[in-house]
Amino acid sequence: MTDTSALYQEVILDHNRRPRNFSVMADATVEERGVNPLCGDELTLYLRMDGDRIADASFQGSGCAISRASASMMTSLVKGKTRAEADVLVEQFRGLATGRTAMDDLPPALRAFAGVARLPQRVKCAVLAWHTLHSALAEGAGGAEGAER
Amino acid sequence: MSALVPRSDFSLLSTNPNLVYLDSAATAQKPRAVLDAMNDFYETDYANPHRGAYALSARATERYASARGAVARFFGVGDEACVIFTRGTTDSLNMVASAWGRANLGAGDEVIVTGAEHHANFVPWQQIAIERGAQFTICPLAADGRADVEALATLVSGRTKVIAFNHVSNVLGAINPVSEIVAIARAVGALTVCDGAQAAPHMFVAFDALGVDFYAASAHKMLGPMGTGVLIGRREVLDAMPPYQTGGDMIAFVGDERTTWNVLPHRLEAGTPNVAGAVGLAAACDYLTAIGMDAVAAHERALVRLAYERVSALDDVRVHGPSGSERSGVLSFTVGDIHPHDLATLLDERGICIRAGHHCAQPLMRRLGVAATARASFYIYNDENDVDQLAEALESAKRVFAVA
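Asks: Quick question: what am I supposed to make of the overall build of chain A here?
Replies: Within chain A one finds four helices and three strands. Along chain A, helices and strands appear, N-terminal first, in the series α-β-β-β-α-α-α. The C-alpha radius of gyration computed for chain A amounts to 15 Å, which stays within 12% of the reference 15 Å derived for 149 residues, consistent with globular compactness. Sequence separation of at least 24 residues holds for 58% of the intrachain contacts in chain A that already meet a minimum separation of 6. Surface summary for chain A: the accessible area is close to 6,700 Å², and the carbon and sulfur share equals 51%.

Printed below as a string of structure tokens:
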């Protein structure tokens with residue numbers, strides 16, 4: 001049997017080994033913690049908002065490769081995006097994990113997570129960062145913390 | 001080394017010939033004999049037991065009583081009425097903590113558990129101690145994960161009312177020195193409560209000789225059905241324990257103002273019992289007895305020793321708990337910095353079922369200094385090929401994650 005995996009594609013393994021934006025942000029304007037109580041994954045998401053735009057994004061925390069790679073890719077993708085653009089990505093990613101989003105609608109980097117939809121027990125790992133971003137954006141907009149969670 | 005029983009005894013395993021099931025410490029697969037016994041009860045003798053005036057109800061009552069007898073023999077209990085059927089180990093331990101604890105614990109008293117308890121033998125004691133204003137003390141562990149009996153001997157005092165501990169750790173497979181713990185408890189007049197969920201499937205418990213006051217176990221980990229378990233107690237402590245739940249079956253006379261209780265075991269089994277569950281557990285006991293518990297224990301020790309050697313020989317693998325020959329059929333490990341959940345998913349892609357996480361033992365995870373572990377556990381239907389598959393899959397996982 002070869003050492004390949006349907007879920008752990010090279011892009012995910014790479015982001016797990018060398019997570020991007022993996023640092024505490026001293027000048028963050030929004031800081032949001034996300035936890036998966038069942039498996040113990042936890043992360044803190046940092047955003048520096050410039051008006052309606054995400055000027056910078058980073059994260060810290062511990063967890064499995066899926067949750068870490070997901071947070072790494074997410075923070076890379078949302079930099080420079082407006083709140084509305086980021087919200088669209090959140091919905092697309094949540095849709096991917098639950099099988100509602102068509103693959104072609106997704107940024108190519110995120111398509112590596114398609115395998116997660118077939119593993120209901122791992123969906124929560126992949127969406128942790130995105131749920132946290134959703135809460136952070138709602139909070140940054142003056143919305144209730146944790147709304148819709 | 002081949003399996004101890006034919007795979008064909010287990011429909012799920014024979015219809016999935018490539019499945020490598022290494023999660024029996026979570027729950028065991030079911031032999032056809034167990035499923036047939038439960039089905040037979042429903043198809044031939046099914047009625048509500050105890051108060052029925054008709055022959056069918058009498059047969060259901062007889063099935064329930066004879067199941068209790070078989071379970072008592074399996075656990076080495078001479079007094080059948082001291083075997084209380086429950087929903088499982090968690091239910092049994094909650095019964096003792098609630099019913100016995102509420103009646104016997106007060107401010108200034110002390111409850112001791114070990115740092116290696118499953119949440120089911122930890123949280124109920126922590127909570128009843130809070131409720132009763134008692135002190136909750138955690139006995140430290142020796143390096144191999146067993147209770148540190150020397151430390152325990154210095155912890156106990158006349159204030160210590162109960163010591164709750166596992167017979168076998170669900171994470172480490174470490175086997176606790178029961179007789180030493182009992183001796184320490186008796187010296188200060190404390191009760192002992194033993195969580196046998198991980199021991200009863202794998203060794204002859206010999207309750208009457210064991211010396212503990214209470215012993216709890218689950219049917220589903222020993223080939224029986226989910227939703228059934230036992231609380232076994234010495235008659236003196238069971239007789240002195242107030243009812244846990246009240247209602248049907250457990251009463252002698254219900255007056256307008258007062259109620260008197262039925263005798264054991266009924267006093268502690270309120271409501272219509274799970275007769276099919278008891279029948280299934282009894283069939284599981286008979287199935288295991290036919291194999292012989294010495295043979296069961298020897299098979300698992302041999303398999304886990306082999307697994308320990310194969311897995312601990314891999315670079316960057318840390319095996320937690322005792323060395324190979326001193327453990328029950330459970331192997332917990334971590335591989336480099338691969339998260340146990342990733343490991344479990346990679347193994348699942350090869351049809352290998354292991355458990356990953358905190359195993360309902362967060363206090364133990366803190367003491368081991370890990371967030372989670374991967375756990376492989378072995379039973380009578382596992383063989384050497386399962387160990388080979390596990391070791392090969394771990395090597396492959398290391399290559400996928402480029403660990404060393």
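What follows picks up the thread again.
Asks: Looking at this structure, how should I read the pairing of strand E3 (residues 53-62) of chain A?
Replies: It is a general feature of regular strands that their side chains alternate between the two faces of the sheet. Of the strand pairs in this sheet, strand E2 (residues 42-50) of chain A and E3 of chain A are connected by nine bridges, and their pairing is antiparallel. Residue pairing for E3 of chain A: Asp-50 of chain A is matched across the bridge by Arg-53 of chain A.

Asks: What is the right way to read helix H14 (residues 384-400) of chain B from this model?
Replies: Residues lying three or four places apart along an α-helix face the same way, a consequence of the helix completing one turn every 3.6 residues. All names here are of chain B. Across its 17 residues, H14 extends 24 Å between first and last C-alpha, which sits within 8% of the 24 Å expected from 1.5 Å per residue. Those residues of H14 not exposed but buried are Asp-386, Val-387, Leu-390, Ala-391, Ala-393, Leu-394, Ser-396, Ala-397, Lys-398 and Val-400. Two to three positions downstream of the cap, the backbone nitrogen of Asn-385 sits 3.1 Å from a side-chain oxygen, assigning the N-cap of H14 to Asp-383.

Asks: Which parts of the structure should I look at to understand helix H1 (residues 10-17) of chain A?
Replies: All buried positions along H1 of chain A are accounted for by Ile-12, Leu-13, Asp-14, His-15 and Asn-16 of chain A. Summarising the contacts, the buried residues of H1 of chain A are in contact with helix H2 (65-78) of chain A together with H14 of chain B.

Asks: In this structure, what is going on with the interface of chain B and chain A? I would like to understand it.
Replies: Interface extent is often summarised as the accessible area lost during association of the parts. Counting residues at the interface gives 14 residues for chain B, matched by 21 residues for chain A. A buried area of about 1,400 Å², summed over both sides, lies between chain B and chain A, and 52% of it is on carbon and sulfur atoms. Applying the counting criterion to the chain B and chain A interface returns one salt bridge. Among the ionic pairs, Arg-122 of chain A bridges to Asp-342 of chain B, the shortest N-O distance being 2.9 Å.

Asks: How should I be thinking about the pairing of strand E7 (residues 214-218) of chain B in this particular structure?
Replies: All names here are of chain B. Here E7 lies mainly inside the structure; five of its five residues are buried. Judged by which residues are buried, E7 turns out to be covered on both faces: Phe-214, Ala-216 and Ser-218 on one side and Tyr-215 and Ala-217 on the other are all buried. Here E7 runs beside strand E8 (residues 229-233); their pairing, made up of five bridges, is antiparallel. Residue Ala-217 lies in a different strand from E8, and its bridge partner there is Val-230.

Asks: What exactly am I supposed to notice about the sheet that holds strand E1 (residues 30-35) of chain A here?
Replies: Residue and element names in this part refer to chain A. Ordered by their spatial adjacency, three strands build an open sheet running E1-E2-E3, and the pairing between neighbours is antiparallel. In the strand order of this sheet, the two ends are held by E1 and E3, each with one partner. Going from strand to strand, the sheet's axes swing by 20° on average, the running direction of each strand aside. Strand direction decides the pairing type here: E1 and E2, joined by six bridges, are antiparallel. Each bridged residue has a counterpart across the sheet, and for Val-35 the counterpart in E2 is Glu-42. Packing against the sheet, H2 makes contact with E2 and E3, and its axis sits at approximately 165° to E3.

Asks: Teacher, can you tell me more about the packing of aromatic side chains here?
Replies: The geometry of an aromatic ring pair is captured by the separation of the ring centres together with the interplanar angle, meaning the angle of the planes. All names here are of chain B. Scanning the model with the defined rule gives 15 aromatic pairs over all chains in all. Seen in terms of ring centroids, Phe-10 and Tyr-287 are 6.1 Å apart; in terms of plane orientation they differ by 90°. Their pairing is edge-to-face. Residue Phe-10 is located in the segment before helix H1 (11-15), and its partner Tyr-287 is located in helix H10 (residues 275-291); the two are separated by 277 residues in the primary sequence. Here the two residues Phe-10 and Tyr-287 agree in accessibility, since each one is buried. When the ring of Phe-74 is compared with that of Phe-75, the centres are 5.4 Å apart and the planes differ by 80°; the resulting orientation is edge-to-face. Of the aromatic side chains, those joined through ring pairs into one cluster are Phe-10, Tyr-21, Tyr-287, Tyr-379 and Tyr-381.

Asks: What am I meant to see in the domain arrangement of chain B here?
Replies: Residues and elements named next belong to chain B. Partitioning chain B into structural domains gives domain 1 (7-22 + 292-403) and domain 2 (34-289). Measuring from the centre of the C-alpha atoms in domain 1 to the corresponding centre in domain 2 gives 28 Å. The partner domain 2 presents 30 residues to the 32 residues of domain 1 that form the contact. Taking both partners together, domain 1 and domain 2 bury about 2,400 Å²; carbon and sulfur atoms supply 62% of that area. The largest per-residue losses of area from domain 1 upon contact with domain 2 belong to Met-293, Leu-364 and Tyr-379, which jointly make up 26% of the total buried on that side. Counting every contact that joins domain 1 to domain 2 gives zero salt bridges. For the side of domain 1 that touches domain 2, the secondary structure elements donating two or more residues are helix H11 (293-312), strand E12 (330-335), helix H13 (362-368) and strand E15 (373-377). The residue makeup of the side of domain 1 that touches domain 2, split by class, is 16 nonpolar, nine polar and seven charged.

Asks: Help me out: how do you make sense of the environment of Ile-130 of chain B in this one?
Replies: All names here are of chain B. Tracing the backbone shows Ile-130 in helix H5 (residues 123-132). What makes Ile-130 exposed here is its relative accessible area of 59%. The spacing of Ile-130 and Ala-107 is 23 residues in sequence and 9.5 Å in space, taken between C-alpha atoms.

Asks: Can you walk me through the confidence of the model for chain A in this structure?
Replies: Caution applies to low-pLDDT regions: their predicted coordinates should not be interpreted in detail. On average, residues of chain A carry a pLDDT of 87, and 91% of them reach 70 or more. Confidence drops under pLDDT 50 across residues 143-149 of chain A; counting only partners more than four residues distant or on other chains, this segment forms 10 contacts.

Asks: I tried to follow empty space enclosed by the protein on my own but got confused; where do I start?
Replies: Where empty space is left becomes clear once a probe the size of a water molecule has been rolled over the atoms. Taken as a whole and assessed by the stated rule, the structure comprises two cavities of 30 Å³ or more. At the level of elements, E2, E3 and H2 of chain A are the ones that each hand at least two residues to the lining of the largest cavity. Its residues assigned to classes, the lining of the largest cavity comprises four nonpolar, four polar and two charged. Roughly 30 Å³ of volume is contained in the second largest cavity. Residue lining of the second largest cavity: His-202, Met-203, Ala-297, Glu-300, Arg-301, Ser-328 and Gly-329 of chain B, and that is the complete set.

Asks: Would you explain the state of the cysteines in this entry?
Replies: Defined simply, a disulfide is a covalent bond joining two cysteines at their sulfur atoms. This structure, assessed with the given rule, holds zero disulfides over all chains. Cysteine Cys-139 of chain B shares no disulfide, and the gap to the nearest cysteine sulfur, in Cys-194 of chain B, comes to 14 Å. The class of Cys-139 of chain B is buried, set by a relative accessible area of 1%. Free of any disulfide, Cys-353 of chain B has its nearest neighbouring cysteine sulfur in Cys-125 of chain A, separated by 18 Å.

Asks: In this structure, what is going on with the nonpolar core? I would like to understand it.
Replies: One recurring pattern in soluble globular proteins is that nonpolar side chains are buried together. With 98 residues, the main nonpolar core has Phe-75, Trp-125, Tyr-215, Leu-223, Ile-380 and Tyr-381 of chain B as its most contacted residues. The dominant element in this core, judged by the number of residues it contributes, is H10 of chain B, at 11 residues. When residues of this core are assigned to domains, at least three fall in each of domain 1 (7-22 + 292-403) and domain 2 (34-289) of chain B. Apart from the residues within four sequence positions on either side, Leu-223 of chain B is in contact with Phe-10, Ala-28, Gln-29, Lys-30, Pro-31, Val-34, Ala-284, Tyr-287, Leu-288, Tyr-379, Ile-380 and Tyr-381 of chain B. Residues Ile-66 of chain A together with Val-311, Leu-331 and Phe-333 of chain B belong to the second largest nonpolar core, which totals 75 residues.

Basis of the calculations
Residues numbered from 1 in each chain as written. Chains lettered and ligands numbered in written order. Predicted model: local features only at pLDDT ≥ 70, side-chain atom pairs only at ≥ 80, totals over all residues. Heavy atoms only, no water. Helix = DSSP H or I, 4+ residues; strand = E, 2+ residues; numbered from the N terminus. Rg over C-alpha atoms; globule rule 2.2 N^0.38 Å. Contact = heavy atoms within 4.5 Å. Areas by Shrake-Rupley, 256 points an atom, 1.4 Å probe, with all protein chains shown as cover. Pairing = 2+ DSSP bridges. Expected span 1.5 Å × (residues − 1). Buried < 20%, exposed > 50% of the residue type's maximum accessible area, 1.4 Å probe, protein only. Polar contact = N/O pair within 3.5 Å; in protein donor to acceptor, adjacent residues only side chain to side chain. Buried area = accessible area lost by both parts, 1.4 Å probe. Salt bridge = Lys/Arg side-chain N within 4 Å of Asp/Glu carboxyl O. Axes fitted to C-alpha atoms, helices over the stretch in contact; angles between N-to-C directions. Phe/Tyr/Trp six-rings, centres within 6.5 Å; stacked < 30°, edge-to-face > 60°. Domains from an automatic or database assignment. Nonpolar A, V, L, I, M, F, W, Y, C, P; charged D, E, K, R; others polar. pLDDT = per-residue confidence, 0-100. 1 Å grid on protein atoms, 1.4 Å probe; cavity = no way out; pocket = protein on both sides within 12 Å on 5 of 7 lines; lining within 4 Å. Points joined across faces, edges and corners; volume = space filled by probe spheres on them. Disulfide = S-S within 2.5 Å. Core = buried A, V, L, I, M, F, W, Y, C linked by side-chain atoms within 4.5 Å.

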